[in-house]
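An overview of the molecular structure
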Amino acid sequence: MTDNAELHDELCPEYDATLLKNGVRGKYAKQYAAGTNLVRLDPDIAAAFPNEEAVNEALRSVLKERNKEK
C-alpha cells in the first residue's frame, strides 16, 4: 500500500448511514450459490401469460411435445 492509502472508519458525507443499518451478512448467499436462470420475455410474449406458472406450464407442454417427436 502507498502512504496515501490510509483507512478511515468514517462514511463519506454522500452516504446515508440510516440506509446501512440492520444489514444481514450472507442474506442472499444461498440464492447466489444456487445460481439463477432469469430470462427476459419480449413484451408481446409476456402479455400472453398472466404469471410465471403459466409460462412454466406452456414451456413444459412444449418440452413434452418435443420429447414425443423423438
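Computed from a predicted model, the values in this text were never measured in an experiment.

1. Thoughts on helix α3 (residues 52–69)
With 18 residues, α3 should cover 26 Å at 1.5 Å per step; its first-to-last C-alpha distance of 26 Å lies within 8% of that length. The N-capping residue of α3, defined by a side-chain oxygen 3.2 Å from the backbone nitrogen of E53, is N51.

2. Observations concerning the pattern of salt bridges
A complete count under the given rule lists one salt bridge for this structure. With a closest N to O distance of 3.5 Å, E65 and K68 form a salt bridge. One end of the pair, E65, and the other, K68, are both in helix α3, three residues apart, so they sit about a helical turn from each other. Judged by relative accessible area, K68 falls into the exposed class, the value being 57%.

3. Observations concerning a nonpolar patch on the surface
A cluster of nonpolar residues, L11, Y15, L19 and L20, forms a patch on the protein surface that exposes about 470 Å² of accessible area. Of note, L11 is situated in the segment before α1 (29–34). Residue classification places L11 among the partly exposed positions, given a relative accessible area of 48%.

Rules and cut-offs
- Residues numbered from 1 in each chain as written.
- Predicted model: local features only at pLDDT ≥ 70, side-chain atom pairs only at ≥ 80, totals over all residues.
- Heavy atoms only, no water.
- Helix = DSSP H or I, 4+ residues; strand = E, 2+ residues; numbered from the N terminus.
- Expected span 1.5 Å × (residues − 1).
- Polar contact = N/O pair within 3.5 Å; in protein donor to acceptor, adjacent residues only side chain to side chain.
- Salt bridge = Lys/Arg side-chain N within 4 Å of Asp/Glu carboxyl O.
- Buried < 20%, exposed > 50% of the residue type's maximum accessible area, 1.4 Å probe, protein only.
- Patch = residues over 30% accessible without salt bridge, like charges linked within 9 Å, V, L, I, M, F, W, Y side chains within 5 Å.
- Areas by Shrake-Rupley, 256 points an atom, 1.4 Å probe, with all protein chains shown as cover.

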